[in-house]
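Structure assessment
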Amino acid sequence: MKDRFNTIWGAVFTSLFVLIMLPLPCFYNEKYVSSIAGIPSYIMGWLIIALITFALILIWVRQCWNRPEYCEFDEEVK
């Protein structure tokens, strides 16, 4: 189970990284293309991918808290 968890989340975050590195018009544009309220479209793309990444990090943290290796503490209770 441990290897599957790490493999899945590694693939998720690697795919987000690869998506950002692609020269898509929603992340990179040399010309001004407006979107909502005149904001450049690439800024909206970066904002959306940042929100998606933040949400996935929160999901990852919640799943990590449920794993037994994160529930064990190194210090002894006296």
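Up top is the structure these notes are about.
Quick summary incoming for the structure in this document. If you're wondering where the values come from, they're calculated on a predicted model, not measured in any experiment.

1. Some thoughts on the overall build of the protein chain
- When you go through the protein chain residue by residue, the secondary structure sums to two helices and zero strands.
- The long-range share in the protein chain, meaning contacts at least 24 apart out of those at least 6 apart in sequence, stands at 47%.
- Of the roughly 6,700 Å² that the protein chain leaves accessible, carbon and sulfur atoms contribute 68%.

2. Digging into the packing of aromatic side chains
- In the structure shown here, the tally under the stated rule is two aromatic pairs.
- A cation over an aromatic ring shows up here: Arg67 above the ring of Phe5, its NZ or CZ 4.0 Å from the ring centre.

3. A closer look at helix α2 (residues 41–65)
- The end-to-end C-alpha distance of α2 is 36 Å, a good match for the 36 Å that 25 residues give at a rise of 1.5 Å each.
- Within the span of α2, buried status applies to Ser41, Met44, Gly45, Ile49 and Cys64.

4. Comments concerning a nonpolar patch on the surface
- A grouping of Phe17, Val18, Leu19, Met21 and Leu22 is seen on the molecular surface, where their side chains present a nonpolar patch of about 470 Å² in accessible area.
- Within the secondary structure, Leu19 is located in helix α1 (residues 2–21).

5. Focus: the side chain of Ser41
- Relative to the assigned elements, Ser41 resides in helix α2.
- By relative accessible area, which is 19% here, Ser41 ends up buried.
- Residues within four places of Ser41 in sequence aside, it is in contact with Pro25, Cys26, Asn29, Val33 and Ser35.

6. Points about unusual backbone geometry
- Notably, Ala37 is not glycine yet its phi reads approximately 60°, a positive angle.
- Looking at the element boundaries, Ala37 is found in the loop between α1 and α2.
- A relative accessible area of 76% means that Ala37 is categorised as exposed.

What counts as what
- Residues numbered from 1 in each chain as written.
- Predicted model: local features only at pLDDT ≥ 70, side-chain atom pairs only at ≥ 80, totals over all residues.
- Heavy atoms only, no water.
- Helix = DSSP H or I, 4+ residues; strand = E, 2+ residues; numbered from the N terminus.
- Contact = heavy atoms within 4.5 Å.
- Areas by Shrake-Rupley, 256 points an atom, 1.4 Å probe, with all protein chains shown as cover.
- Phe/Tyr/Trp six-rings, centres within 6.5 Å; stacked < 30°, edge-to-face > 60°.
- Lys NZ or Arg CZ within 6 Å of the ring centre and 35° of its normal.
- Expected span 1.5 Å × (residues − 1).
- Buried < 20%, exposed > 50% of the residue type's maximum accessible area, 1.4 Å probe, protein only.
- Patch = residues over 30% accessible without salt bridge, like charges linked within 9 Å, V, L, I, M, F, W, Y side chains within 5 Å.
- Salt bridge = Lys/Arg side-chain N within 4 Å of Asp/Glu carboxyl O.

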